[in-house]
Amino acid sequence: MADIFLGIDPGSRTTGYAILTKENGKLIAMRCDTLNMAQMDDHADRLQHIFERISKIIASFHPTSCAVETPVYGVDPLAMLKLGRAQAAAMLAITNNGIPVTEYYPKQVKKSITGNGNASKEQVAFMLRKMVKLPDEKLSKDATDALAVAWCHLMKQNGIQSRVPRSKKKTHQNNSPSSWESFVANNPDRISE
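Note that this is a predicted model, so its numbers are computed, not measured.

Asker: Lay out the overall build of the protein chain in plain terms, naming residues and giving numbers.
Answerer: Within the protein chain one finds six helices and six strands. Listed by position from the N terminus, the elements making up the protein chain come as β-β-β-α-β-α-β-α-α-β-α-α. The buried share among the 193 residues of the protein chain stands at 46%. Pairs at least 24 apart in sequence give 64% of the contacts found in the protein chain among residues at least 6 apart. Split by element, the accessible area of the protein chain, about 10400 Å² in all, is 52% carbon and sulfur.

In structure tokens, the structure reads:
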């Protein structure tokens, strides 16, 4: 039985989720979608909705492993608090079903896909379209972000790290000297026609 990875990009108004698996050597996004809570006024109702929907997704797809993007510092403390609560609701649904969950910072996710922790969302989406068989419908940014989280987790679980050459000088993981062009040139196997 193939491993199935659930990736979640939490948000208090929109939460992205993606189900990723590998069949016959090909990565397939079984589902990429969002939970939309913008019409809900009460924050507690949104959190309950995230918990219940993620629990149903788990019951439908039976993921073997899950990953959630970690909120990072923001300008608005209240928005960060709500984002952290949304992440907690998703994580509680996962752990309540006895599935391990891992957190990844946005820069870790971007680096695992593009080789650059400062890559744009467009660069990440471009690489995902090349590496993963996607559903036919157009994906929202939140669904694409969730797929990126699932991809990052799958690569980490399989022991595959970014193949961008690192300098000998010790630097922070996101400050390594690389560019989008050099990553594509150095990783032709990660680009499909």
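Once you've had a look at it, read on.
Asker: Give me the lowdown on unusual backbone geometry, citing residues and values where you can.
Answerer: Note on backbone geometry: most residues besides glycine have negative phi, and most peptide bonds are trans. With a phi angle near 50°, Asn24 is a residue other than glycine that sits in the positive phi range. Relative to the helices and strands, Asn24 is located in the loop between β2 (14-23) and β3 (26-36). Classification of Asn24 as exposed rests on a relative accessible area of 82%. Here the phi dihedral of His62 falls at roughly 50°; this positive angle occurs in a residue that is not glycine. Examined against the element boundaries, His62 turns out to sit in the loop between α1 (43-61) and β4 (65-69).

Asker: Can you explain the pairing of strand β5 (residues 101-104)? Please cite residues and give values.
Answerer: The pairing of β4 with β5 spans four bridges and is parallel. Considered in β5, the bridge of Cys66 is made with Val101. Tracing the backbone out of β4, into helix α2 (residues 77-96) and back to the parallel element β5 gives a crossover that is right-handed.

Asker: Quick rundown of the confidence of the model for the protein chain? Include the residues and the values.
Answerer: Residue-level pLDDT values for the protein chain average 86, and 82% of them are 70 or greater. Across residues 162-173 the pLDDT falls below 50, and counting only partners more than four positions away or on other chains, this stretch makes 16 contacts in the model.

Asker: Kindly report on the sheet that holds β5, identifying the contributing residues and their values.
Answerer: Reading across the sheet, the six strands line up as β5-β4-β1-β2-β3-β6 and stay open at both edges, with mixed pairing between neighbours. The sheet terminates laterally at β5 and β6 (132-133), the two strands that pair on one side only. Bridging between β3 and β6 involves two bridges; their strand directions are parallel. When the bridges of β6 are listed, Ile28 appears paired with Lys133.

Asker: Account for the nonpolar core, naming residues and giving values.
Answerer: Ranked by size, the top nonpolar core spans 27 residues in total, and within it Leu20, Ile113, Leu128, Val132, Leu147 and Trp151 carry the most contacts. Broken down by secondary-structure element, the contributors of at least two residues to this core are β2, β3, α3 (106-114), α4 (121-131) and α5 (141-157). Among the elements that line this core, the one with the most residues is α5, at ten residues. One finds Ile4, Leu35, Val68 and Ile99 within the second-largest nonpolar core, a separate group that totals 22 residues.

Asker: Would you mind going over the packing of α1 against α2 in detail, with residue names and values included?
Answerer: Where α1 contacts α2, the two axes come as close as 8 Å, and the packing angle between them is 30°. Crossing hand, α1 versus α2: right-handed. Residue-level inspection shows His43, Leu47, Ile50, Phe51, Ile54, Ser55 and Ile58 of α1 in contact with α2, the latter providing Lys82, Arg85, Ala86, Ala89, Ala90, Leu92, Ala93, Ile94 and Asn96. Tallied by class, residues from the contact of α1 with α2 come to eleven nonpolar, three polar and two charged.

Asker: Quick rundown of the side chain of Asp145? Include the residues and the values.
Answerer: Tracing the backbone shows Asp145 in helix α5. A relative accessible area of 12% places Asp145 in the buried class.

Asker: I'd like to hear about α2, residue by residue, with values.
Answerer: The end-to-end C-alpha separation of α2 is 28 Å, in line with the 28 Å expected for 20 residues at 1.5 Å each. Ala86, Gln87, Ala89, Ala90, Met91, Ala93 and Ile94 are the residues of α2 that are buried. Between a side-chain oxygen at the N-terminus of α2 and the backbone nitrogen of Leu78 the separation is 3.1 Å; the capping residue is Asp76.

About the thresholds
- Residues numbered from 1 in each chain as written.
- Predicted model: local features only at pLDDT ≥ 70, side-chain atom pairs only at ≥ 80, totals over all residues.
- Heavy atoms only, no water.
- Helix = DSSP H or I, 4+ residues; strand = E, 2+ residues; numbered from the N terminus.
- Buried < 20%, exposed > 50% of the residue type's maximum accessible area, 1.4 Å probe, protein only.
- Contact = heavy atoms within 4.5 Å.
- Areas by Shrake-Rupley, 256 points an atom, 1.4 Å probe, with all protein chains shown as cover.
- Pairing = 2+ DSSP bridges.
- Right-handed = clockwise from strand over helix to strand, strands pointing away.
- pLDDT = per-residue confidence, 0-100.
- Core = buried A, V, L, I, M, F, W, Y, C linked by side-chain atoms within 4.5 Å.
- Axes fitted to C-alpha atoms, helices over the stretch in contact; angles between N-to-C directions.
- Left-handed = near helix turned anticlockwise from the far one by under 90°.
- Nonpolar A, V, L, I, M, F, W, Y, C, P; charged D, E, K, R; others polar.
- Expected span 1.5 Å × (residues − 1).
- Polar contact = N/O pair within 3.5 Å; in protein donor to acceptor, adjacent residues only side chain to side chain.

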